[in-house]
Amino acid sequence: MAQPDNFGFGEEATLLKESARKFFADNFATDKLHGMVASDPNPERMSECAWDRDLWQQMVDLGWTALAVPEVADGLGMPVAAVAGLVEELGRAAFPCPLLSTLNATYVLAACGSAGETALGEITQGRTASLAITNKQGSWEAADTDVTCEQGKLNGSACFVQEARKVDRLLVSARNAAGLSLYWVATDAPGLTIHPDAIVDLTRDQAHIQFDSVEALEVSTEGVAALEQAMPAIWTILAADIVGAAEWQLQTTVEYANTRQQFEHPLGFFQAVKHPLVDVMVLIDQCKSLVYNAACAIDTEPERAAEYAHMAKASASETAAFASGRSVQYHGGIGFTWECFVHLYFKRQKHSQMLWGDAVWHRARLADILMGAVA
Amino acid sequence: MPESAREETAEQVEFRAYCRQWLKDNRPGDPPVRLPLSPLEIMTEAQLTYLQQWQKSAYDAGLIGCDYPKAVGGGGRNDCQRVANEEMIRAKTPFMPNVIGLGMAAPTVLHHAQEKVKEQLLPRLFSGEDIWCQGFSEPGAGSDLASVQTFAERKGDKWIINGHKVWTSLAHFAEWMILLLRTDRSHKYDGLSYFVVPIRSALGKGVTVRPLIKITGETGFNEVIFEDLEVDDIYRLDELGKGWQVAMTTLLHERGAGELQTPRSGGMKSKSTHATNTTNLIELARNTGRNGKPAADDPLIRDRIMELVVREMGLGQNQRRSRVSALLDHPARLLLQNKLLASEIAQDTGALAVEVAGASGSLYLGDDNAPAGGQWPMAYMNSYGMTIAAGTSEVQRNILGERVLGLAKSK
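Model, not experiment: these values are computed from the prediction.

**Details of the nonpolar core**
For step 1, the next point in the chain: Counting residues in each nonpolar core, the largest one holds 163 residues, and the members touching the most others are Val-83, Val-108, Leu-171, Val-172, Val-291, Ala-294 and Ala-312 of chain A.
For step 2, the next point in the chain: Among the elements that take part in this core, helix H7 (residues 223-259) of chain A stands out by supplying 20 residues, more than any other.
For step 3, the next point in the chain: Excluding residues within four positions of it along the chain, Val-83 of chain A makes contact with Leu-67, Ala-68, Met-78, Leu-103 and Ile-237 of chain A.
For step 4, the next point in the chain: Counting residues in hydrophobic clusters, the runner-up holds 65 residues, among them Tyr-68, Val-83, Val-148 and Phe-195 of chain B.

**A word on the domain arrangement of chain B**
All names here are of chain B.
For step 1, the next point in the chain: Looking at chain B, the domain boundaries give domain 1 (3-97 + 123-129), domain 2 (133-254) and domain 3 (278-404).
For step 2, the next point in the chain: Here the C-alpha centre of domain 3 lies 33 Å away from the C-alpha centre of domain 2.
For step 3, the next point in the chain: Taken together, the contacts link five residues of domain 2 with eight residues of domain 3.
For step 4, the next point in the chain: Looking at the side of domain 2 that touches domain 3 residue by residue, the classes come out as two nonpolar, two polar and one charged.

**Considering the confidence of the model for chain B**
Detailed reading of the predicted model is not advised wherever pLDDT is low.
Residue and element names in this part refer to chain B.
For step 1, the next point in the chain: Taken over all residues, the pLDDT of chain B has a mean of 92, while the share at 70 or more is 97%.
For step 2, the next point in the chain: Confidence over residues 1-5 falls short of pLDDT 50; this stretch has six contacts with residues more than four positions distant or in other chains.
For step 3, the next point in the chain: In the predicted assembly, ipTM is 0.96 and pTM is 0.88.

**Brief notes about the environment of Val-354 of chain B**
Residue and element names in this part refer to chain B.
For step 1, the next point in the chain: Considering the arrangement of structural elements, one finds Val-354 in helix H9 (residues 338-356).
For step 2, the next point in the chain: In sequence terms Val-354 and Gln-375 are 21 residues apart; their C-alpha atoms lie 9.8 Å from each other.
For step 3, the next point in the chain: Sequence-distant contacts of Val-354, that is, excluding residues within four places in its chain, are made with Gly-361, Trp-376, Pro-377 and Tyr-380.

**What about helix H4 (residues 99-112) of chain B?**
Residue and element names in this part refer to chain B.
For step 1, the next point in the chain: Relative to the 20 Å expected for 14 residues at 1.5 Å per residue, H4 spans 19 Å between its end C-alpha atoms, a close match to the ideal helical length.
For step 2, the next point in the chain: Counting buried residues along H4, twelve of its 14 residues qualify, which places the element largely inside the surrounding structure.
For step 3, the next point in the chain: Listed in full, the buried residues belonging to H4 are Val-99, Ile-100, Gly-101, Leu-102, Gly-103, Met-104, Ala-105, Ala-106, Pro-107, Thr-108, Val-109 and His-112.
For step 4, the next point in the chain: Taken together, the buried residues of H4 touch helix H5 (115-127), strand E1 (132-135), strand E4 (176-182), strand E5 (192-198) and helix H6 (243-254).

**Things to note about the interface of chain A and chain B**
For step 1, the next point in the chain: Across the contact, 36 residues belong to chain A and 37 residues belong to chain B.
For step 2, the next point in the chain: At the level of elements, H7, strand E10 (265-266), helix H8 (271-300), helix H9 (305-330) and helix H12 (359-371) of chain A are the ones that each hand at least two residues to the side of chain A that touches chain B.
For step 3, the next point in the chain: Take the side of chain A that touches chain B: its biggest share by element is 13 residues, from H8 of chain A.
For step 4, the next point in the chain: Residue composition of the side of chain A that touches chain B, by class: 21 nonpolar, eleven polar and four charged.

**Side note on the packing of H9 of chain A against H12 of chain A**
All names here are of chain A.
For step 1, the next point in the chain: For the pair H9 and H12, interaxial distance at closest approach is 8 Å and the crossing angle is 155 degrees. Taken together, H9 and H12 sit at an angle that is classed as roughly antiparallel. When the axes of H9 and H12 are compared, the crossing they make is left-handed. Listed contacts from H12 to Ala-306, Glu-307, His-310, Met-311, Lys-313, Ala-314, Ser-317 and Glu-318 of H9 are Ala-359, His-362, Arg-363, Arg-365, Leu-366 and Ile-369.
For step 2, the next point in the chain: In the contact of H9 with H12, the residues fall into six nonpolar, three polar and five charged.

**Quick word on unusual backbone geometry**
One can expect most non-glycine residues to show negative phi and most peptide bonds to be in trans.
For step 1, the next point in the chain: Positive phi values are uncommon outside glycine, yet Gln-151 of chain A reaches one of about 45 degrees.
For step 2, the next point in the chain: With respect to the element layout, Gln-151 of chain A can be found in the loop between strand E2 (147-150) and strand E3 (153-162).
For step 3, the next point in the chain: What makes Gln-151 of chain A exposed here is the crowd of 8 C-beta atoms within 10 Å.
For step 4, the next point in the chain: Unlike most non-glycine residues, Leu-170 of chain B shows phi in positive territory, near 70 degrees.
For step 5, the next point in the chain: Checked against the element boundaries, Leu-170 of chain B lands in the loop between strand E3 (158-169) and E4.

**Describing the domain arrangement of chain A**
The accessible area lost on association of the parts is a frequent measure of interface size.
Residues and elements named next belong to chain A.
For step 1, the next point in the chain: Domain boundaries in chain A define domain 1 (11-124), domain 2 (129-221) and domain 3 (225-371).
For step 2, the next point in the chain: Summarising the inter-unit geometry, the C-alpha centres of domain 1 and domain 3 are found 19 Å apart.
For step 3, the next point in the chain: Counting residues at the interface gives 24 residues for domain 1 and 28 residues for domain 3.
For step 4, the next point in the chain: Looking at the side of domain 1 that touches domain 3, the elements with two or more residues in it are helix H2 (30-37), helix H4 (80-93) and helix H5 (99-110).
For step 5, the next point in the chain: Here the side of domain 1 that touches domain 3 gets ten residues from one element, more than from any other, and that element is H4.
For step 6, the next point in the chain: Here the side of domain 1 that touches domain 3 is composed, by residue class, of 17 nonpolar, four polar and three charged.

Quick notes on the rules
- Residues numbered from 1 in each chain as written.
- Chains lettered and ligands numbered in written order.
- Predicted model: local features only at pLDDT ≥ 70, side-chain atom pairs only at ≥ 80, totals over all residues.
- Core = buried A, V, L, I, M, F, W, Y, C linked by C-beta atoms within 7 Å.
- Buried ≥ 20, exposed ≤ 12 C-beta atoms within 10 Å, placed from the backbone.
- Helix = DSSP H or I, 4+ residues; strand = E, 2+ residues; numbered from the N terminus.
- Contact = placed C-beta atoms within 7 Å.
- Domains from an automatic or database assignment.
- Nonpolar A, V, L, I, M, F, W, Y, C, P; charged D, E, K, R; others polar.
- pLDDT = per-residue confidence, 0-100.
- Expected span 1.5 Å × (residues − 1).
- Axes fitted to C-alpha atoms, helices over the stretch in contact; angles between N-to-C directions.
- Parallel < 35°, antiparallel > 145°, perpendicular 65-115°, else oblique.
- Left-handed = near helix turned anticlockwise from the far one by under 90°.

Right, dumping it as structure tokens:
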């Protein structure tokens, strides 16, 4: 199947992206973010979970959590390209919330067929969710999990669970006698304990989850297949978040480079500053183009989705790293302080860089697709 | 954008059908010679003759100069060159040899020359009978183009030209040159003028063309020396001292941003043409040993090849996104990156290929055992022409930083 020239990014997607940008610009300026998440600079602080629930509820009311839910489960069934547009704006605002984690769970549930519809219906109703599919080693392979299920009870632990304290539900992968299944469980279920991680990123929360005989609803017996089908969308929307955040880093740093004077010139006059900032822009644009290409492939050319999504996330991880480094460096001394906003995005981007696979991980899998796996 | 997605005028629809039929009947057969990778690398008379015959036949059929007025040898049509171009590229015709004439000289002559000069020069430019070259760069004026020192001194109705131009592609075949020079040494920009001057007919009478040999060993571009060349005032295109503005018309069209579409064909390849891309790079890695296994199995080599695959695809998708306005923050941001990215990706692909080839990376065109006939090291070396010509990568980064990001202008 061929892709449409415009990435399937039509009028609805355009309006959604514009309204999202306006929503965050009107309601959530960066100083508000800083005031909310950066109150405690103590490096040994425990993980915090500061976020604006009222603003989040407005996003839910706007229908943003149901965008990716298929129409059969009463969702909006928007194309991934449109969702990526919204997430790009979310990344630009670095807004702490469970939108990405809920979208991730949505894409996996949508790959579960009719068994996933009950859970998807809950998301349509405004419930939030996150994936609990990663083991203690932090493996990004779909089949790796430390959770088991016997007689409908989950035991073991899932690690690196995103936004664990913000969400209502977890979608858990667990081994059972037949193979690997996916389970839907409430975060306040008896026997489920959330152990927050103390993380660098101030705009997210993360935890490891202990399951002690937790009763759970099985939503798919084909867990690996569902996860593998959904991963391209998960990589792609995270890459979209990175693009938005990197554009904030670029524009903020350009503004500073135009203001700050040294040696009788603004910093941006010097090519040692100007040229790397152009390289940041080049990386962002490459990544953004690859994101919409991958999104469009998921919607219209699924046989290429994994290939293109690996490209998007490999590019995004490089972009996150380079844009972050340059943003702190070119803010100079002030960029090294807690009071300057650039560290908020630096930390969000470093988290995103590794999450769901870094550049080397994605390129290795891309090579397997394009060059064949090495025996 | 595919032609089907665009509303076409009746004239365009009819013209497209005509082009398609004509190309079906008249597309030239396989070339009798190895075609160079681009018109700027034409080296032999045999290559030139074959390509000139193609351009002449396409012009005679009305596929070149479609949108130019009939009085100057054009087709007098409305926005039809793009149609002819699409059809020629679809038919995989050879490229046109008179690339500087069509893309840069013709729009400049049309906009700035006197009627008599247009009528004299344009028909033979379109037909390819007169090859054109461009005299802009000088030994002391590369990236800083406005510092050219070639000088024209007025003598009645004539001008006497002295100076030295370099990197002049096609000058050894050219009848005419577009020439940026100065008529006033006291003003940098306002002292510039713009001429069209004869080359071949003036050889030995004020013009000397000497081939420059590239680092690859190939010829293809030249230096051109003017010693008291006498030129009629009618061949001056600017209002005196406004040569820079005329040069902008040329450069705008060179970068594809002018109002007149450049006639373009291409797609035909001779058997030994070898593209610098990652598909060929992967093929090379499969066929080259490293530590007793194919280089394609080496995880470090795989990672580096995939880096280039990602960049190559990124450039392709940039071009696609540049037509989706809802996904653009700045109208020129992607277009202005094209040349920088294409040239640097080609350079890094060539560099990696030579490295992947290992010991065989040392073998050149004359060696029977050279991978891909030695074209990888040649492509790698030639890539420096791309990162230097038409504004070096450093100048491109200044342009992007200043025009797109709005950073302060560097000296």
